[in-house]
Amino acid sequence: MTGGAYHLQSVLDCSPEQASAVLRLRNLPEIRGAMYGDQVISEAEHAAWLAGLQGDARRKVLVVLDSSGGPVGVVSLTAIDRVHRRADWGFYMGPAAPRGLGACALTTLLDHAFDDLALEKVNGEVIEGNAASLAVHRKLGFRDEGRRRSHVQREDGRLYVHLLGLTAGEWRAARVAIRAGLAPHSIRLAAGA
């Protein structure tokens, strides 16, 4: 089975068309429903978010682009702390992303976090009920660290959030075996991303 070729590029390097496609991804109900803020994002809010990323060394948002340059997902590191060498991460894949692409993109992001940025820990949070995201975290070696009770408000009530973490040592010890079980997609990190 042959996978596709993709690359990760900073959202700040996107063309206006690509940036609009990212907004459409962000506004898909299945993606919004897995985020803390689940409201529809306006073009003005999206533009403000992009402007806020300019010069912000604590946030790295990378778009997963297919071979034609179309955005199919987003992976990110936020709350990057160079002193304590840690960051939080997030991700979402759109319906055009083939099965397994998200995990492949995330392994590239983890290599970047631990090898290029010299981070020691990456933290994840998963809202109650998001079984797919929880499964990806566990597949990539993240360990459960607890949960925040009654943390997110939704129309049908309050939800808890799973807290997960992965250290650089855990990743380095397991990454070869983890990659062996992933779809064979090729993902390249763009220069300067």
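Please refer to the structure placed before this passage.
A short tour of the structure in this document, coming up. Keep in mind that what you see is a predicted model, and the values were worked out from it rather than measured. Throughout this description, residue numbers start from 1 for each chain and increase along the sequence as written. Restriction of local features to residues with pLDDT of at least 70 applies here, the model being predicted, together with a cutoff of 80 or more for giving and counting side-chain atom pairs; totals for whole chains, interfaces and linings are based on all residues. The side-chain figures draw on all heavy atoms in the structure; neither hydrogens nor water molecules are used.

Some details on the side chain of H46
Now for step 1: Numbered from the N terminus, helices here are DSSP runs of H or I no shorter than four residues, and strands are runs of E no shorter than two. On the secondary structure map, H46 appears in helix α3 (residues 43-53).
Now for step 2: On the accessibility criterion, H46 (5% relative accessible area) is buried.
Now for step 3: Side chain to side chain, H46 and R26 meet in a polar contact 2.9 Å long.
Now for step 4: When checking whether two residues touch, look at their non-hydrogen atoms; a contact exists if any pair is within 4.5 Å. H46 has contacts with A19, V22, L23, R26 and I41, leaving out every residue within four places of it along the chain. Here the term buried applies to any residue with accessible area under 20% of the maximum for its type, exposed to any over 50%, and partly exposed to those in between, with areas from a 1.4 Å probe on protein chains only. Between N or O atoms, a polar contact is any pair within 3.5 Å; within protein, one atom must be a potential hydrogen donor and the other a potential acceptor, and residues adjacent in sequence are included only when both atoms are from side chains.

Some points on the pairing of strand β6 (residues 143-154)
Now for step 1: In short, DSSP must find at least two bridges between two strands for them to pair. With eight bridges connecting them, β6 and strand β7 (residues 157-167) associate as antiparallel partners. In the sheet register, R143 faces β7, and the bridge partner there is G165.

What to know about the nonpolar core
The nonpolar side chains of a soluble globular protein tend to be buried with one another.
Now for step 1: The nonpolar core is taken to be a set of buried Ala, Val, Leu, Ile, Met, Phe, Trp, Tyr and Cys residues, with the residues joined through side-chain atoms within 4.5 Å. Residues V64, V75, L77, W89, L110, F114 and F142 are the most contacted members of the largest nonpolar core, which totals 36 residues.
Now for step 2: The set of elements that each furnish at least two residues to this core consists of β1 (5-10), β2 (60-65), β3 (71-81), β4 (86-93), α4 (101-116), β5 (121-127), β7 and α6 (168-180).
Now for step 3: Aside from chain neighbours lying at most four places away, what touches F114 is L119, E120, K121, V122, L166, T167, A168, W171 and R172.
Now for step 4: V22, L25, L50 and L53 belong to the second-largest nonpolar core, a separate cluster that totals 14 residues.

Some details on the packing of helix α1 (residues 16-26) against α3
Now for step 1: All axes here are fitted lines through C-alpha atoms, helices being fitted over the stretch that makes contact, and every angle between N-to-C directions spans 0 to 180 degrees. Packing of α1 against α3 brings their axes to within 11 Å, and their N-to-C directions diverge by 115 degrees. One finds that α1 runs roughly perpendicular with respect to α3. Like other packed secondary-structure pairs, α1 and α3 cross with a definite hand, here right-handed. Here A19, V22, L23 and R26 of α1 come into contact with α3, specifically with E43, H46, W49 and L50. If an angle is under 35 degrees, it is roughly parallel; if it is over 145, roughly antiparallel; if it lies from 65 to 115, roughly perpendicular; otherwise it is oblique. Less than a right angle of anticlockwise turn of the near helix away from the far helix marks a crossing as left-handed, whereas a clockwise turn marks it as right-handed.

Notes on α6
Now for step 1: Multiplying 1.5 Å by the helix residue count minus one yields the expected span of that helix. Taking 1.5 Å of rise per residue, the 13 residues of α6 would be expected to cover 18 Å, and the 19 Å separating its terminal C-alpha atoms lies within 8% of that figure.
Now for step 2: Take the seven residues that end at a residue and the seven that start at it, fit an axis to each, and the angle between those axes is the bend at that residue. Along α6, the sharpest kink reaches roughly 55 degrees, centred on A174.
Now for step 3: For α6, the complete set of buried residues consists of A168, W171, R175 and I178.
Now for step 4: Buried-residue contacts for α6 involve α4, α5 (131-139) and β7.

Regarding the packing of α4 against α6
Now for step 1: Contact pair α4 / α6: the axes reach a minimum separation of 11 Å and the direction vectors enclose 150 degrees. Taken as axis vectors, α4 and α6 run roughly antiparallel relative to one another. Handedness of the α4/α6 crossing: left-handed. Seen from α4, the contacting residues are T107, T108, L110, D111, F114 and D115; seen from α6, they are A168, W171, R172, R175 and R179.
Now for step 2: Residues are sorted three ways: Asp, Glu, Lys and Arg are charged, Ala, Val, Leu, Ile, Met, Phe, Trp, Tyr, Cys and Pro are nonpolar, and all the rest, Gly among them, are polar. Taken together, the residues of the contact of α4 with α6 break down into four nonpolar, two polar and five charged.

Re the sheet that holds β2
Now for step 1: Taken in spatial order, the eight strands of this open sheet run β6-β7-β5-β4-β3-β2-β1-β8, and their pairing is mixed. Looking at strand neighbours, the two that pair on one side only are β6 and β8 (186-189), the edges of this open sheet. Pairwise comparison of adjacent strand axes, ignoring direction, gives a mean angle of 25 degrees for this sheet.
Now for step 2: With respect to the sheet, α1 is in contact with β1, β2, β3 and β4, its orientation differing from that of β3 by roughly 85 degrees.

Some details on α3
Now for step 1: For α3, every residue scored as buried is listed here: H46, W49, L50 and L53. Looking straight down α3, one finds that the buried residues subtend no more than 95 degrees of arc, so they occupy a single side. Of the exposed residues in α3, the ones pointing more than 90 degrees away from its buried face are A44 and A51.
Now for step 2: Buried residues belonging to α3 abut α1 and β2.
Now for step 3: Two residues or fewer after α3 comes G55, characterised by a positive phi angle close to 70 degrees. Directions pointing from the helix axis toward each C-beta atom define the arc.

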